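Listed here are the chains, written in short residue letters.
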Amino acid sequence: MDPPPVESAPRLDAAYLNNPAPAYPRAARRQHQQGQVMLRVKVEPDGHPAVVEVARSSGHRALDRAARAAVERWQFVAARRGEAAVAAWVMVPVRFALNP
């Protein structure tokens, strides 16, 4: 008799690959807006983001929208459970900073 299969939690070491940084909105740059947006992203087994939500705002709507729009086009390395790719939620920080 074979032992029961062992369930393991998915590995959530999502890689961002070489995805382009979000464009800094011109109006936000002119107004010297900066901050970090924390996005909650559901990554599908094929590596595409299925859902992108703002988990924590930068405090500036334009920066939040730019971060979300960029990450919606990103490609990820999916989480894995054993050898199988699985859908999983990951947190993605996106920072907007102006150079002095």
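Look up a bit, the structure's there.
Residues numbered from 1 in each chain as written. Predicted model: local features only at pLDDT ≥ 70, side-chain atom pairs only at ≥ 80, totals over all residues. Heavy atoms only, no water.

J.: So what's going on with the pairing of strand β5 (residues 88-96)? Residues and values would help.
T.: Here β5 shows a clear split, with Ala88, Val90, Val92, Val94 and Phe96 buried on one side and none of Trp89, Met91, Pro93 and Arg95 buried on the other. Here strand β1 (residues 35-43) runs beside β5; their pairing, made up of 9 bridges, is antiparallel. Across the sheet, leucine 39 pairs through a bridge with valine 92, a residue of β5. (Buried < 20%, exposed > 50% of the residue type's maximum accessible area, 1.4 Å probe, protein only. Helix = DSSP H or I, 4+ residues; strand = E, 2+ residues; numbered from the N terminus. Pairing = 2+ DSSP bridges.)

J.: Describe the nonpolar core, and please don't skip the residues or the numbers.
T.: By size, the foremost hydrophobic cluster in this structure holds 19 residues, and its most contacted members are Leu39, Val41, Val71, Phe76, Val92, Val94 and Phe96. Where this core is concerned, the elements lending two or more residues are β1, α2 (61-71) and β5. Among the elements that take part in this core, α2 stands out by supplying 5 residues, more than any other. Those residues in contact with leucine 39 that sit more than four places away from it in its chain are Val52, Glu53, Val54, Ala55, Ala67, Arg68, Val71, Val90, Met91, Val92 and Val94. (Core = buried A, V, L, I, M, F, W, Y, C linked by side-chain atoms within 4.5 Å. Contact = heavy atoms within 4.5 Å.)

J.: So what's going on with the environment of valine 90? Residues and values would help.
T.: As for its placement among the helices and strands, valine 90 is situated in strand β5. By relative accessible area, which is 11% here, valine 90 ends up buried. With 11 residues separating them along the chain, valine 90 and alanine 79 place their C-alpha atoms 9.2 Å apart.

J.: Requested: an account of the pairing of strand β2 (residues 49-56), with residues and values cited.
T.: Two elements, β1 and β2, share 6 bridges in a ladder whose sense is antiparallel. Residue pairing across strands places valine 43 opposite proline 49, the latter belonging to β2. The loop that links β1 with its antiparallel partner β2 comprises 5 residues; one of these, glycine 47, has a positive phi angle of about 90°.

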